[in-house]
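Close look at the chain arrangement
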Amino acid sequence: MSSERIDTSMPSPVLRKSSDVIVSGIQPSGALHLGNYFGALRQHIQLHETHEAYYFIVNYHTLTTLRDRDKLRRYTLDVALDYLALGFNPQAAYLFMQSDVPEVTELAWIFSNLATVSQLEKGVAYKDKIAQGLPANAGLFTYPVLQAADILIYGGTLVPVGADQKQHIEMTRVLAERFNRTYCPEDDPVFPVPEPYILSDVAVVPGLDGRKMSKSYENAIGIFEEGKVLKKKVMSIVTDSTPLEAPKDPEHDNVFTLIRLFADSETRERIAEAYRAGGFGYGHAKKELLTLIDEHFAEARIRRKELARHPDDVFDILREGGRKARERAGEYMERVREHVGLITTYEAAP
Ligand code: ADP
(Lines give C-alpha, C1' and ligand atoms only; values in the text may rest on other atoms or scores of the structure.)
Protein backbone atom coordinates (compact mmCIF):
# COMPACT_ATOMS: atom_id res chain seq x y z
CA MET A 1 0.00 0.00 0.00
CA SER A 2 1.65 3.21 -1.05
CA SER A 3 1.36 6.53 0.73
CA GLU A 4 2.86 8.41 -2.18
CA ARG A 5 1.11 11.49 -3.41
CA ILE A 6 -1.27 11.00 -6.23
CA ASP A 7 -0.41 12.10 -9.72
CA THR A 8 -3.44 13.96 -10.95
CA SER A 9 -2.07 14.87 -14.37
CA MET A 10 -4.29 13.33 -17.01
CA PRO A 11 -5.30 14.32 -20.50
CA SER A 12 -8.85 15.64 -20.63
CA PRO A 13 -11.43 13.27 -22.07
CA VAL A 14 -13.47 14.20 -25.07
CA LEU A 15 -17.20 14.07 -24.65
CA ARG A 16 -18.18 12.59 -27.96
CA LYS A 17 -21.76 12.64 -29.10
CA SER A 18 -25.23 12.32 -27.67
CA SER A 19 -25.53 8.89 -29.32
CA ASP A 20 -22.95 7.56 -26.87
CA VAL A 21 -24.32 4.96 -24.48
CA ILE A 22 -23.11 5.86 -20.99
CA VAL A 23 -22.53 2.95 -18.63
CA SER A 24 -21.09 2.93 -15.12
CA GLY A 25 -21.38 1.20 -11.75
CA ILE A 26 -20.68 1.88 -8.09
CA GLN A 27 -20.18 -0.69 -5.34
CA PRO A 28 -22.55 -0.79 -2.40
CA SER A 29 -19.68 -1.55 -0.05
CA GLY A 30 -20.04 1.46 2.26
CA ALA A 31 -21.10 5.08 2.29
CA LEU A 32 -20.24 6.85 -0.97
CA HIS A 33 -17.48 9.39 -0.59
CA LEU A 34 -16.04 12.47 -2.24
CA GLY A 35 -13.83 10.31 -4.48
CA ASN A 36 -16.91 8.52 -5.83
CA TYR A 37 -18.65 11.85 -6.25
CA PHE A 38 -15.98 13.79 -8.13
CA GLY A 39 -14.56 10.76 -9.91
CA ALA A 40 -17.83 9.31 -11.11
CA LEU A 41 -21.22 10.29 -9.67
CA ARG A 42 -21.09 13.95 -10.57
CA GLN A 43 -20.37 13.04 -14.20
CA HIS A 44 -23.12 10.41 -14.10
CA ILE A 45 -25.62 13.04 -13.06
CA GLN A 46 -24.33 15.56 -15.62
CA LEU A 47 -24.57 13.11 -18.52
CA HIS A 48 -27.77 11.21 -17.80
CA GLU A 49 -30.30 13.63 -19.19
CA THR A 50 -28.56 14.10 -22.54
CA HIS A 51 -27.53 10.51 -23.20
CA GLU A 52 -28.89 6.99 -22.94
CA ALA A 53 -27.40 6.03 -19.58
CA TYR A 54 -27.24 2.85 -17.47
CA TYR A 55 -26.03 3.18 -13.87
CA PHE A 56 -25.96 0.12 -11.70
CA ILE A 57 -25.26 -0.68 -8.08
CA VAL A 58 -22.72 -3.46 -8.41
CA ASN A 59 -23.79 -5.78 -5.62
CA TYR A 60 -22.22 -8.87 -7.27
CA HIS A 61 -18.86 -7.09 -7.26
CA THR A 62 -19.26 -6.21 -3.60
CA LEU A 63 -19.43 -9.91 -2.70
CA THR A 64 -15.67 -9.94 -3.32
CA THR A 65 -15.22 -8.09 -0.01
CA LEU A 66 -18.48 -7.94 1.96
CA ARG A 67 -20.14 -10.92 3.62
CA ASP A 68 -22.85 -9.30 5.66
CA ARG A 69 -26.29 -9.47 4.11
CA ASP A 70 -27.80 -6.67 6.23
CA LYS A 71 -25.00 -4.31 5.34
CA LEU A 72 -25.17 -5.23 1.66
CA ARG A 73 -28.90 -4.46 1.61
CA ARG A 74 -28.51 -1.22 3.53
CA TYR A 75 -25.64 0.04 1.38
CA THR A 76 -27.58 -0.85 -1.77
CA LEU A 77 -30.46 1.38 -0.73
CA ASP A 78 -27.96 4.04 0.36
CA VAL A 79 -26.35 4.22 -3.08
CA ALA A 80 -29.76 4.60 -4.71
CA LEU A 81 -30.67 7.35 -2.25
CA ASP A 82 -27.40 9.12 -2.98
CA TYR A 83 -28.06 9.13 -6.73
CA LEU A 84 -31.58 10.41 -6.33
CA ALA A 85 -30.63 13.06 -3.77
CA LEU A 86 -27.84 14.30 -6.02
CA GLY A 87 -30.23 14.84 -8.91
CA PHE A 88 -30.64 11.57 -10.80
CA ASN A 89 -33.93 11.72 -12.70
CA PRO A 90 -35.43 8.23 -13.15
CA GLN A 91 -37.47 9.48 -16.12
CA ALA A 92 -34.30 10.25 -18.03
CA ALA A 93 -32.06 7.19 -17.53
CA TYR A 94 -31.78 3.81 -15.82
CA LEU A 95 -30.67 3.22 -12.25
CA PHE A 96 -30.77 -0.38 -11.08
CA MET A 97 -29.15 -3.21 -9.17
CA GLN A 98 -26.60 -5.32 -11.01
CA SER A 99 -28.28 -8.48 -9.71
CA ASP A 100 -31.52 -7.54 -11.48
CA VAL A 101 -29.70 -8.39 -14.71
CA PRO A 102 -28.30 -11.85 -13.84
CA GLU A 103 -27.25 -12.30 -17.47
CA VAL A 104 -24.13 -10.26 -16.66
CA THR A 105 -22.77 -13.27 -14.80
CA GLU A 106 -23.41 -15.43 -17.85
CA LEU A 107 -21.55 -12.99 -20.06
CA ALA A 108 -18.77 -12.74 -17.48
CA TRP A 109 -18.33 -16.50 -17.71
CA ILE A 110 -18.10 -16.34 -21.48
CA PHE A 111 -15.54 -13.52 -21.20
CA SER A 112 -13.52 -15.36 -18.56
CA ASN A 113 -12.67 -17.87 -21.27
CA LEU A 114 -11.23 -15.05 -23.36
CA ALA A 115 -9.33 -13.28 -20.57
CA THR A 116 -5.83 -14.54 -19.84
CA VAL A 117 -4.54 -15.22 -16.34
CA SER A 118 -1.47 -13.05 -16.94
CA GLN A 119 -3.70 -10.14 -17.91
CA LEU A 120 -5.79 -10.52 -14.76
CA GLU A 121 -2.67 -10.81 -12.60
CA LYS A 122 -1.86 -7.25 -13.62
CA GLY A 123 -5.28 -5.97 -12.43
CA VAL A 124 -4.79 -3.00 -10.09
CA ALA A 125 -7.52 -3.93 -7.59
CA TYR A 126 -6.16 -7.47 -7.30
CA LYS A 127 -2.51 -6.39 -7.12
CA ASP A 128 -3.35 -3.79 -4.50
CA LYS A 129 -4.99 -6.37 -2.22
CA ILE A 130 -2.06 -8.75 -2.61
CA ALA A 131 0.39 -5.92 -1.86
CA GLN A 132 -1.51 -5.23 1.35
CA GLY A 133 -1.20 -8.87 2.32
CA LEU A 134 -4.97 -9.30 2.18
CA PRO A 135 -6.53 -12.55 1.01
CA ALA A 136 -7.73 -12.32 -2.58
CA ASN A 137 -10.54 -14.60 -3.71
CA ALA A 138 -11.23 -15.70 -7.28
CA GLY A 139 -14.03 -13.11 -7.51
CA LEU A 140 -11.57 -10.32 -6.88
CA PHE A 141 -9.18 -11.83 -9.40
CA THR A 142 -11.85 -11.88 -12.11
CA TYR A 143 -13.40 -8.55 -11.04
CA PRO A 144 -12.45 -6.84 -14.35
CA VAL A 145 -14.15 -9.62 -16.34
CA LEU A 146 -17.48 -9.03 -14.59
CA GLN A 147 -16.93 -5.33 -15.07
CA ALA A 148 -16.42 -5.86 -18.80
CA ALA A 149 -19.67 -7.83 -18.94
CA ASP A 150 -21.43 -5.01 -17.07
CA ILE A 151 -20.33 -2.44 -19.60
CA LEU A 152 -20.67 -4.42 -22.80
CA ILE A 153 -24.03 -6.08 -22.10
CA TYR A 154 -25.71 -2.68 -22.64
CA GLY A 155 -23.51 -1.77 -25.60
CA GLY A 156 -21.79 0.91 -23.53
CA THR A 157 -19.53 3.25 -25.49
CA LEU A 158 -18.47 5.75 -22.83
CA VAL A 159 -17.66 4.92 -19.20
CA PRO A 160 -17.40 7.80 -16.71
CA VAL A 161 -15.08 6.58 -13.94
CA GLY A 162 -12.25 7.77 -11.73
CA ALA A 163 -8.67 7.39 -12.96
CA ASP A 164 -8.20 4.34 -10.69
CA GLN A 165 -10.47 2.43 -13.09
CA LYS A 166 -8.58 3.30 -16.27
CA GLN A 167 -6.80 -0.03 -16.44
CA HIS A 168 -10.00 -2.01 -15.89
CA ILE A 169 -11.65 -0.18 -18.78
CA GLU A 170 -8.63 -1.05 -20.89
CA MET A 171 -9.34 -4.73 -20.10
CA THR A 172 -12.95 -4.21 -21.17
CA ARG A 173 -11.72 -2.85 -24.48
CA VAL A 174 -9.43 -5.83 -24.96
CA LEU A 175 -12.27 -8.28 -24.20
CA ALA A 176 -14.70 -6.52 -26.55
CA GLU A 177 -12.15 -6.66 -29.35
CA ARG A 178 -11.24 -10.26 -28.58
CA PHE A 179 -14.87 -11.37 -28.55
CA ASN A 180 -15.58 -9.61 -31.84
CA ARG A 181 -12.45 -11.04 -33.46
CA THR A 182 -13.06 -14.55 -32.15
CA TYR A 183 -16.76 -14.93 -32.83
CA CYS A 184 -18.05 -12.27 -35.26
CA PRO A 185 -17.67 -11.54 -38.93
CA GLU A 186 -15.39 -8.54 -39.40
CA ASP A 187 -18.19 -6.33 -40.68
CA ASP A 188 -20.67 -7.28 -37.96
CA PRO A 189 -19.10 -7.03 -34.48
CA VAL A 190 -21.42 -7.53 -31.51
CA PHE A 191 -19.74 -5.10 -29.10
CA PRO A 192 -18.71 -1.49 -29.52
CA VAL A 193 -15.28 -0.83 -27.98
CA PRO A 194 -15.91 1.67 -25.17
CA GLU A 195 -13.80 4.64 -24.07
CA PRO A 196 -13.22 5.76 -20.48
CA TYR A 197 -14.46 9.24 -19.59
CA ILE A 198 -12.08 10.54 -16.92
CA LEU A 199 -11.98 14.19 -15.93
CA SER A 200 -8.42 15.44 -15.64
CA ASP A 201 -9.03 17.90 -12.81
CA VAL A 202 -10.28 15.20 -10.48
CA ALA A 203 -8.40 12.11 -11.69
CA VAL A 204 -7.94 10.55 -8.24
CA VAL A 205 -9.35 12.27 -5.16
CA PRO A 206 -7.04 11.93 -2.13
CA GLY A 207 -8.34 10.65 1.20
CA LEU A 208 -7.62 11.90 4.72
CA ASP A 209 -4.18 10.25 4.62
CA GLY A 210 -3.24 11.41 1.10
CA ARG A 211 -3.73 7.99 -0.50
CA LYS A 212 -6.60 7.41 -2.93
CA MET A 213 -9.85 8.01 -1.08
CA SER A 214 -11.55 4.62 -0.84
CA LYS A 215 -14.28 2.91 1.13
CA SER A 216 -11.84 0.13 1.92
CA TYR A 217 -9.01 2.35 3.26
CA GLU A 218 -11.01 4.03 6.03
CA ASN A 219 -9.74 7.38 4.77
CA ALA A 220 -12.96 8.61 3.16
CA ILE A 221 -15.19 11.63 3.67
CA GLY A 222 -18.78 10.56 3.01
CA ILE A 223 -20.81 12.68 0.62
CA PHE A 224 -23.60 12.88 3.15
CA GLU A 225 -21.57 13.20 6.32
CA GLU A 226 -22.28 16.40 8.18
CA GLY A 227 -21.97 18.17 11.54
CA LYS A 228 -19.44 16.94 14.07
CA VAL A 229 -18.55 13.77 12.15
CA LEU A 230 -17.67 15.76 9.05
CA LYS A 231 -15.76 18.39 11.01
CA LYS A 232 -13.68 15.78 12.82
CA LYS A 233 -12.74 14.15 9.53
CA VAL A 234 -11.85 17.38 7.76
CA MET A 235 -9.73 18.46 10.72
CA SER A 236 -7.85 15.16 10.54
CA ILE A 237 -6.69 15.54 6.91
CA VAL A 238 -2.95 14.96 6.85
CA THR A 239 -0.83 18.04 6.02
CA ASP A 240 2.87 18.80 6.31
CA SER A 241 4.28 20.62 9.33
CA THR A 242 4.90 24.06 7.79
CA PRO A 243 4.25 26.58 10.61
CA LEU A 244 1.21 28.86 10.47
CA GLU A 245 3.20 32.03 9.62
CA ALA A 246 5.18 30.48 6.76
CA PRO A 247 4.09 30.65 3.10
CA LYS A 248 2.69 27.38 1.80
CA ASP A 249 2.42 25.71 -1.57
CA PRO A 250 -1.27 25.03 -2.32
CA GLU A 251 -0.33 22.70 -5.17
CA HIS A 252 1.15 20.16 -2.78
CA ASP A 253 -1.46 19.99 -0.09
CA ASN A 254 -4.31 17.51 0.36
CA VAL A 255 -6.64 20.13 1.83
CA PHE A 256 -6.21 22.42 -1.15
CA THR A 257 -6.65 19.51 -3.58
CA LEU A 258 -10.12 19.04 -2.06
CA ILE A 259 -10.82 22.80 -1.90
CA ARG A 260 -10.07 23.01 -5.61
CA LEU A 261 -12.80 20.48 -6.37
CA PHE A 262 -15.50 22.48 -4.61
CA ALA A 263 -14.52 26.12 -5.07
CA ASP A 264 -15.33 28.45 -7.95
CA SER A 265 -12.31 30.08 -9.57
CA GLU A 266 -12.51 33.25 -7.49
CA THR A 267 -12.63 31.42 -4.14
CA ARG A 268 -9.90 29.07 -5.33
CA GLU A 269 -7.59 31.96 -6.20
CA ARG A 270 -8.33 33.78 -2.92
CA ILE A 271 -7.44 30.71 -0.87
CA ALA A 272 -4.38 29.86 -2.99
CA GLU A 273 -3.16 33.45 -2.48
CA ALA A 274 -3.65 33.12 1.30
CA TYR A 275 -1.54 29.92 1.25
CA ARG A 276 1.29 31.66 -0.60
CA ALA A 277 1.18 34.80 1.56
CA GLY A 278 1.75 32.96 4.88
CA GLY A 279 -0.08 33.62 8.16
CA PHE A 280 -2.76 31.20 6.93
CA GLY A 281 -2.57 27.82 8.63
CA TYR A 282 -3.87 24.43 7.55
CA GLY A 283 -6.55 24.82 10.26
CA HIS A 284 -7.83 27.89 8.38
CA ALA A 285 -7.80 25.98 5.11
CA LYS A 286 -9.75 23.13 6.69
CA LYS A 287 -12.43 25.55 7.89
CA GLU A 288 -12.74 26.91 4.36
CA LEU A 289 -13.11 23.36 3.06
CA LEU A 290 -15.76 22.55 5.64
CA THR A 291 -17.83 25.55 4.57
CA LEU A 292 -17.49 24.62 0.91
CA ILE A 293 -18.63 21.03 1.54
CA ASP A 294 -21.61 22.19 3.62
CA GLU A 295 -22.69 24.65 0.94
CA HIS A 296 -22.22 22.24 -1.94
CA PHE A 297 -24.36 19.46 -0.48
CA ALA A 298 -26.88 21.53 1.49
CA GLU A 299 -29.83 20.90 -0.85
CA ALA A 300 -28.95 17.28 -1.54
CA ARG A 301 -28.83 16.56 2.20
CA ILE A 302 -32.38 17.83 2.63
CA ARG A 303 -33.59 15.85 -0.39
CA ARG A 304 -31.92 12.67 0.83
CA LYS A 305 -33.58 12.83 4.23
CA GLU A 306 -36.95 13.20 2.54
CA LEU A 307 -36.31 10.32 0.11
CA ALA A 308 -35.10 8.04 2.90
CA ARG A 309 -38.60 8.12 4.37
CA HIS A 310 -39.94 6.31 1.27
CA PRO A 311 -37.67 3.31 0.60
CA ASP A 312 -40.44 1.49 -1.30
CA ASP A 313 -40.49 4.27 -3.89
CA VAL A 314 -36.75 3.95 -4.27
CA PHE A 315 -37.02 0.19 -4.85
CA ASP A 316 -39.76 0.83 -7.43
CA ILE A 317 -37.33 3.03 -9.33
CA LEU A 318 -34.61 0.37 -9.15
CA ARG A 319 -37.03 -2.36 -10.25
CA GLU A 320 -38.20 -0.39 -13.26
CA GLY A 321 -34.63 0.54 -14.19
CA GLY A 322 -33.62 -3.11 -13.90
CA ARG A 323 -36.50 -4.25 -16.09
CA LYS A 324 -35.51 -1.88 -18.89
CA ALA A 325 -31.84 -2.68 -18.56
CA ARG A 326 -32.57 -6.40 -18.69
CA GLU A 327 -34.47 -5.97 -21.95
CA ARG A 328 -31.45 -4.29 -23.49
CA ALA A 329 -29.11 -6.93 -22.03
CA GLY A 330 -31.37 -9.69 -23.38
CA GLU A 331 -30.94 -8.40 -26.93
CA TYR A 332 -27.16 -8.47 -26.62
CA MET A 333 -27.18 -11.90 -24.99
CA GLU A 334 -29.23 -13.40 -27.78
CA ARG A 335 -26.62 -12.31 -30.26
CA VAL A 336 -23.80 -13.46 -27.98
CA ARG A 337 -25.24 -16.95 -27.51
CA GLU A 338 -25.86 -17.27 -31.20
CA HIS A 339 -22.31 -16.24 -32.13
CA VAL A 340 -20.72 -18.44 -29.48
CA GLY A 341 -22.88 -21.45 -30.38
CA LEU A 342 -24.73 -21.81 -27.09
CA ILE A 343 -28.11 -23.36 -27.67
CA THR A 344 -30.80 -22.45 -25.14
CA THR A 345 -34.23 -23.99 -25.05
CA TYR A 346 -35.83 -21.74 -22.43
CA GLU A 347 -37.79 -18.54 -23.09
CA ALA A 348 -35.60 -15.44 -23.42
CA ALA A 349 -35.58 -13.02 -20.46
CA PRO A 350 -38.44 -10.51 -20.45
P1 ADP B 1 -14.20 2.43 -3.80
O2 ADP B 1 -12.78 2.41 -4.26
O3 ADP B 1 -14.42 3.47 -2.77
O4 ADP B 1 -14.74 1.09 -3.39
P5 ADP B 1 -15.76 2.01 -6.24
O6 ADP B 1 -14.81 0.91 -6.63
O7 ADP B 1 -17.16 1.64 -5.91
O8 ADP B 1 -15.08 2.86 -5.05
O9 ADP B 1 -15.75 3.09 -7.39
C10 ADP B 1 -16.90 3.74 -7.86
C11 ADP B 1 -16.47 4.85 -8.78
O12 ADP B 1 -15.84 5.88 -8.02
C13 ADP B 1 -15.46 4.41 -9.83
O14 ADP B 1 -15.74 5.07 -11.05
C15 ADP B 1 -14.14 4.88 -9.30
O16 ADP B 1 -13.20 5.18 -10.32
C17 ADP B 1 -14.56 6.17 -8.58
N18 ADP B 1 -13.63 6.46 -7.49
C19 ADP B 1 -13.47 5.73 -6.36
N20 ADP B 1 -12.53 6.30 -5.56
C21 ADP B 1 -12.10 7.40 -6.22
C22 ADP B 1 -11.14 8.42 -5.92
N23 ADP B 1 -10.47 8.43 -4.78
N24 ADP B 1 -10.95 9.42 -6.84
C25 ADP B 1 -11.65 9.43 -8.01
N26 ADP B 1 -12.57 8.50 -8.34
C27 ADP B 1 -12.79 7.50 -7.47
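Residues numbered from 1 in each chain as written. Predicted model: local features only at pLDDT ≥ 70, side-chain atom pairs only at ≥ 80, totals over all residues. Heavy atoms only, no water.

Let's shift gears to the overall build of the chain. Of regular secondary structure, the chain possesses 14 helices and five strands. In terms of C-alpha radius of gyration, the chain reaches 21 Å, essentially the compact-globule figure of 20 Å for 350 residues. Each principal axis of the C-alpha distribution contributes one length, and for the chain these read about 75 × 45 × 40 Å. Across the 350 residues in the chain, those meeting the buried criterion constitute 49%. Restricting to contacts in the chain with at least 6 residues of sequence separation, those with at least 24 account for 80%. In the chain, 42 positive and 50 negative side-chain charges are present, and the distance between their average locations comes to 5 Å. (Helix = DSSP H or I, 4+ residues; strand = E, 2+ residues; numbered from the N terminus. Rg over C-alpha atoms; globule rule 2.2 N^0.38 Å. Buried < 20%, exposed > 50% of the residue type's maximum accessible area, 1.4 Å probe, protein only. Contact = heavy atoms within 4.5 Å. Lys, Arg positive; Asp, Glu negative; His and termini not counted. Charge placed at Lys NZ, Arg CZ, Asp CG, Glu CD.)

Once that is clear, we can look at the site of the ligand. Neighbouring residues of the ligand: 18 residues in total, closest His-33, Gly-162, Asp-164, Val-205 and Lys-215. Here a nitrogen atom of the ligand sits 3.1 Å away from a polar atom, N or O, in the main chain of Gly-35. Take Asp-164: an N or O atom from its side chain is 2.6 Å from an oxygen atom of the ligand. Within the complex, 95% of the 540 Å² of free accessible area of the ligand lies under protein. Grouping the constituent residues of the shell around the ligand by class yields seven nonpolar, eight polar and three charged. (Near = heavy atom within 4 Å. Polar contact = N/O pair within 3.5 Å; in protein donor to acceptor, adjacent residues only side chain to side chain. Areas by Shrake-Rupley, 256 points an atom, 1.4 Å probe, with all protein chains shown as cover. Nonpolar A, V, L, I, M, F, W, Y, C, P; charged D, E, K, R; others polar.)

The next thing to look at is the pairing of strand β2 (residues 52-57). Across the six residues that make up β2, a large majority, five, are buried. Of the strand pairs in this sheet, strand β1 (residues 21-26) and β2 are connected by six bridges, and their pairing is parallel. Paired with Ile-26 across the two strands is Ile-57, which belongs to β2. (Pairing = 2+ DSSP bridges.)

Among soluble globular proteins, nonpolar side chains are generally buried collectively. Counting residues in each nonpolar core, the largest one holds 59 residues, and the members touching the most others are Leu-41, Tyr-83, Leu-86, Ile-221, Ile-259, Phe-262 and Leu-289. Per element, the largest residue contribution to this core is eight residues, and it comes from helix α13 (residues 282-307). Once residues within four sequence positions are removed from consideration, Phe-262 is found in contact with Leu-34, Phe-38, Leu-289, Leu-292, Ile-293, His-296 and Phe-297. In terms of nonpolar packing, the next biggest core, distinct from the first, is built from 44 residues, Ala-148, Leu-175, Tyr-332 and Val-336 among them. (Core = buried A, V, L, I, M, F, W, Y, C linked by side-chain atoms within 4.5 Å.)

Contact geometry of helix α8 (residues 143-152) with helix α9 (residues 166-183) gives a least axis separation of 9 Å together with a crossing angle of 65°. The angle between α8 and α9 places the two elements in the roughly perpendicular class. Helix-helix and strand crossings are classified by hand; for α8 and α9 the assignment is right-handed. Together, Tyr-143, Pro-144, Val-145, Gln-147, Ala-148, Ile-151 and Leu-152 of α8 and His-168, Ile-169, Met-171, Thr-172, Leu-175 and Ala-176 of α9 make up the contact between the two elements. Looking at side-chain class alone, the contact of α8 with α9 contains 10 nonpolar, three polar and no charged residues. (Axes fitted to C-alpha atoms, helices over the stretch in contact; angles between N-to-C directions. Parallel < 35°, antiparallel > 145°, perpendicular 65-115°, else oblique. Left-handed = near helix turned anticlockwise from the far one by under 90°.)

What follows concerns the side chain of Gln-27. With respect to the secondary-structure elements, Gln-27 resides in the loop between β1 and α1 (34-47). In this structure the side chain of Gln-27 is engaged in a polar contact, spanning 2.9 Å, whose partner is the side chain of Tyr-143. The residues touching Gln-27, leaving out its near neighbours within four places in the chain, are Leu-32, Val-58, His-61, Thr-62, Thr-65, Val-79, Tyr-143 and Lys-215.

What describes a pair of aromatic rings is the distance from one ring centre to the other and the angle between the planes of the rings. In this structure the tally under the stated criterion is 22 aromatic pairs. An angle of 70° between the planes, with centres 5.1 Å apart, marks the rings of Phe-179 and Phe-191 as edge-to-face. Taken as a pair, Phe-179 in helix α9 and Phe-191 in the loop between α9 and β5 (195-197) lie far apart in primary sequence, 12 residues in all. One exposure class covers both Phe-179 and Phe-191, and it is buried. Measuring from ring centre to ring centre gives 5.9 Å for Phe-191 and Tyr-332, while their planes differ by 5°; the resulting arrangement is stacked. Note that Phe-191 is positioned in the loop between α9 and β5 and Tyr-332 in helix α14 (residues 311-340), a separation of 141 residues in sequence. The pair formed by Phe-191 and Tyr-332 is uniform in burial state, with each residue classed as buried. Three or more aromatic residues joined by ring pairs make a cluster, and in this case those are Tyr-37, Phe-38, Phe-224, Phe-262 and Phe-297. In this structure, Arg-211 is placed above the aromatic ring of Tyr-217, and the distance from its NZ or CZ to the ring centre is 4.3 Å. Residue placement shows Lys-248 over the ring face of Tyr-282; its charged tip is 5.6 Å from the ring centre. (Phe/Tyr/Trp six-rings, centres within 6.5 Å; stacked < 30°, edge-to-face > 60°. Lys NZ or Arg CZ within 6 Å of the ring centre and 35° of its normal.)

Moving on: the confidence of the model for the chain. The predicted model of the chain has a mean per-residue pLDDT of 92, with 94% of residues at 70 or higher. Confidence drops under pLDDT 50 across residues 1-12; counting only partners more than four residues distant or on other chains, this segment forms 25 contacts. (pLDDT = per-residue confidence, 0-100.)

Per the domain assignment, the segments making up the chain are domain 1 (21-205 + 310-340) and domain 2 (227-303). On a C-alpha basis, the centres of domain 1 and domain 2 stand 33 Å from each other. Listed per partner, the contact involves 11 residues of domain 1 and eight residues of domain 2. Counting the surface lost from both domain 1 and domain 2, the interface buries some 760 Å², and carbon and sulfur atoms represent 76% of this. It is Leu-34, Phe-38 and Ala-85 that lose the most area in domain 1 upon contact with domain 2, and together they represent 54% of the buried surface on that side. (Domains from an automatic or database assignment. Buried area = accessible area lost by both parts, 1.4 Å probe.)

This paragraph deals with helix α4 (residues 103-112). Listing the buried residues of α4 in full gives Glu-103, Val-104, Leu-107, Ala-108, Ile-110 and Phe-111. Along the long axis of α4, the arc covered by the buried residues comes to 160°, so they all point the same way. Among the structural elements, α2 (59-62), α8, α9 and α14 are those in contact with the buried residues of α4. (Arc of directions from axis to C-beta.)

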